[in-house]
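Working through the structure, step by step
In case you want the letters, here they are:
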Amino acid sequence: MADTTRRTGLYDLHIELGAKMVPFAGWDMPVQFPMGVMNEHLHTREHAGLFDVSHMGQVIVRPLDGNMQTAALALETLIPANVLDLAPGRQRYGLFTNDRGGILDDLMFANRGDHFLLVVNAACADQDIAHLQTLEGVSVEPVTDRGLIALQGPRAGAALGRLIPAATDMRFMDSLTLGWQGHDLWISRSGYTGEDGFEISVPDHALEAFARALLDQPEVAPIGLGARDSLRLEAGMPLYGHDMDPEVTPAQAALGWSIPKVRRNGGPRAGGFPGADAVLAELDTGPATTRRGLRPEGRAPIREGVALFADQTGDAPLGTVRSGGFGPSVGGPVAMAIIDASLPEGTTIWAELRGKRVPVTIAALPFVTPSYKR
Amino acid sequence: MLKYTDDHEWLRAEGDEIVVGITKHASEQLGDVVFIELPEEGTDVIAGDEIVVIESVKAASDITAPVGGTITAVNTALADAPGDVNADPMAAWFFRIKPADPAAIEGFMDEAAYKALVD
């Protein structure tokens, strides 16, 4: 670990806006602004929130022979997704797996015509880049001169549309280059909140000006990592290092949906990625444990690490909470854990909180209904 | 008489009881409070006992008994409106305690000393 934390191109703006800064994955990041986590969360669900996600890794993977099929098939040796059939201008979600079928990281990958753009977690970026550099036939180019902004919420399209009208024509998971004041912005219609919105890669020299232009829109408020976490939790989205890690398989993380038929057993390009035998066999049979939603009764949050039990007195642990907290839009505590996949929704289990067992209901994910523009 | 603890509690003497809450500084550090677990009336406590659990959007924290004594009342309204702690921390009292030592409150910081601590 580096002794010094890195700053994004929006650091000065965060300070000016009164952010409380915290170290996160080696970066100095805003955890909240003066509005506070609760109101930032609610503002994003009702209007639009601007998130600095410049700490995330942006990586270009380019075919050396100029043929995108070369790069797609190379990526498919690391990622159990359909990269080959991803159309230009489109983006997908995927996973890097290890030899045991555990998850090394999750990522977005976009076909940008003559290269793929990958966006990976900050804490995993160096490892992911080294992993990608083992591929043959492609160049791997970390993007070091751009920041990344997420604009999320039902009014995100209206706000961005005033700056870049063409952005409003984009559909969920489109990924395009659009101009703003002479700068090329790499825009995808996606996010990590369960709301409509955009993720926008901006050249460093235009980053602050673009962020200020968005913040000038009446719908838009700056949002910190605190609300980013509660928004994604309510949206049932897993967080790397918490809901998934190298010991958790795609099926256990409830991310089997990211592995299409074409890469599964019986498909034309089945397997061919690290841990494929284990991953695919488990998808065929169904995992014994998987990521489930949890709704504690009452108002007390159950947070990461809280032990879960099948009954009020027994000592047979079901697992531990992976992500948990208070859901401002739900109006109560919400959590996720990897537990027995066969327990029906509505089953009451028990969480051990400060020495007491409190009842928790297994609930469907997500906790809030997404509002993507498909 | 209003006094303050190192743990950012405010203590207000009322008759032979002390009313206890947390300061604005503490409420700002905690962030939005979403859950409060209060002690039961009649409980005998010793100074330093963790008797209140406060959960904010960020984390769980404990509030300790500033002095030994008996809990004579708790603010049950906070259970349904924990956000009152952020909205008006000086009004959002947690509990009243009858101290075993009637002079116990004397030793705590006055407002000037507390201000010096948090500024």
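Let me sum up the structure you'll find in this document. (Residues numbered from 1 in each chain as written. Chains lettered and ligands numbered in written order. Predicted model: local features only at pLDDT ≥ 70, side-chain atom pairs only at ≥ 80, totals over all residues. Heavy atoms only, no water.)

As a further point, take the overall build of chain B. Along its length, chain B carries four helices and nine strands. On C-alpha atoms alone, chain B measures out to a radius of gyration of 13 Å, which is about the 14 Å that the 2.2 N^0.38 rule sets for 119 residues. Expressed as a percentage of the 119 residues in chain B, the buried residues total 45%. Long-range contacts, defined as pairs at least 24 residues apart, comprise 59% of the intrachain contacts of chain B with a sequence gap of at least 6. As presented, chain B carries roughly 5500 Å² of accessible surface, and 50% of it is formed by carbon and sulfur atoms. Across chain B, 7 positive and 24 negative side-chain charges occur, with their mean positions spaced 8 Å apart. (Helix = DSSP H or I, 4+ residues; strand = E, 2+ residues; numbered from the N terminus. Rg over C-alpha atoms; globule rule 2.2 N^0.38 Å. Buried < 20%, exposed > 50% of the residue type's maximum accessible area, 1.4 Å probe, protein only. Contact = heavy atoms within 4.5 Å. Areas by Shrake-Rupley, 256 points an atom, 1.4 Å probe, with all protein chains shown as cover. Lys, Arg positive; Asp, Glu negative; His and termini not counted. Charge placed at Lys NZ, Arg CZ, Asp CG, Glu CD.)

This paragraph deals with the packing of helix H2 (residues 37-46) of chain A against helix H7 (residues 225-234) of chain A. Residues and elements named next belong to chain A. Two elements in contact, H2 and H7, have axes whose closest approach is 8 Å; the angle formed by their N-to-C orientations is 55°. With respect to H7, the element H2 is oriented oblique. Crossing handedness for the pair H2 and H7: right-handed. Only Gly226, Ala227, Ser230, Leu231 and Glu234 of H7 make contact with H2, whose side of the interface consists of Val37, Glu40, His41, Thr44 and Arg45. Residue composition of the contact of H2 with H7, grouped by class: three nonpolar, four polar and three charged. (Axes fitted to C-alpha atoms, helices over the stretch in contact; angles between N-to-C directions. Parallel < 35°, antiparallel > 145°, perpendicular 65-115°, else oblique. Left-handed = near helix turned anticlockwise from the far one by under 90°. Nonpolar A, V, L, I, M, F, W, Y, C, P; charged D, E, K, R; others polar.)

Below, the discussion takes up the interface of chain B and chain A. If you look at the interface, chain B gives 14 residues, while chain A gives 13 residues. With both chains or domains summed, chain B and chain A bury close to 1200 Å², and 49% of this area falls on carbon and sulfur atoms. It is Val34(B), Val57(B) and Lys58(B) in chain B that bury the most area against chain A; as a group they hold 39% of the surface buried on that side. Between the two partners, chain B and chain A, sit three salt bridges. The salt bridge partner of Glu55(B) is Arg354(A), with a shortest N-O separation of 3.0 Å. (Buried area = accessible area lost by both parts, 1.4 Å probe. Salt bridge = Lys/Arg side-chain N within 4 Å of Asp/Glu carboxyl O.)

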